Amino acid sequence: MWDEPTAEEQESIIKRVAEAIYKYDMDLFAILFLESIKPLSTVGSQLTRYLLAPFIPFVGEKSIPYLATFENRENLEKLIRLLEEKSKQDEAKKKERKERDKKK
């Protein structure tokens, strides 16, 4: 029932989730939340499998790769790092814009 996604699929899922988080400007909150739940990710993933298994037919089979991807603590860390990188890039762009505006 829970097919593990391939490494390429996992990378794609991580990027899509990061883009969605960043799109709604929730990156700082998401980083804080993910850092706080990271130690419990293994327990949480097993609990999620147990509790959500009966509801998968109603939620849809598309959610399984996402759940399977974020069971792995390394994937959570990848998502956190990706969000941090995007935040740093955004901050650098804002500083650059401010400097340009000051010169004008």
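The preceding data block contains the structure.
Residues numbered from 1 in each chain as written. Predicted model: local features only at pLDDT ≥ 70, side-chain atom pairs only at ≥ 80, totals over all residues. Heavy atoms only, no water.

**Student:** Hey, could you run me through the nonpolar core in this one?
**Tutor:** Across soluble globular proteins, nonpolar side chains have a tendency to be buried as a group. Residues Val 17, Ile 21, Leu 34, Phe 70, Leu 79 and Leu 83 are the most contacted members of the largest nonpolar core, which totals 13 residues. Listing elements by their share of this core, those giving two or more residues are helix H1 (7-23), helix H2 (27-37) and helix H6 (73-103). In terms of residue count, H1 provides more of this core than any other element does, five residues in total. Leaving out residues up to four positions away in the same chain, Leu 83 has contacts with Ala 18, Ile 21, Asp 27, Ala 30, Ile 31 and Leu 34. (Core = buried A, V, L, I, M, F, W, Y, C linked by side-chain atoms within 4.5 Å. Buried < 20%, exposed > 50% of the residue type's maximum accessible area, 1.4 Å probe, protein only. Helix = DSSP H or I, 4+ residues; strand = E, 2+ residues; numbered from the N terminus. Contact = heavy atoms within 4.5 Å.)

**Student:** For this particular structure, what's the right way to read the environment of Thr 42?
**Tutor:** Along the chain, Thr 42 falls in helix H3 (residues 41-52). Taking the relative accessible area as the measure of exposure, Thr 42 reaches 44% and is therefore partly exposed. For the pair Thr 42 and Glu 71, spaced 29 residues apart in the sequence, the C-alpha separation amounts to 6.3 Å.

**Student:** Even after reading the chapter, I still don't get the packing of aromatic side chains, so can you show me in this structure?
**Tutor:** Using the criterion set out here, one finds one aromatic pair in the structure. Relative to Phe 33, the ring of Phe 29 has its centre 6.3 Å away and its plane inclined at 15°; by these criteria the two rings are stacked. Of this pair, Phe 29 and Phe 33 are both found in helix H2, four residues apart, which corresponds to roughly one turn of the helix. When its relative accessible area of 43% is taken as the criterion, Phe 33 is described as partly exposed. (Phe/Tyr/Trp six-rings, centres within 6.5 Å; stacked < 30°, edge-to-face > 60°.)

**Student:** Would you take a moment to explain the side chain of Thr 69 for this structure?
**Tutor:** Of note, Thr 69 is situated in helix H5 (residues 63-69). Owing to a relative accessible area of 0%, Thr 69 belongs among the buried residues under this scheme.

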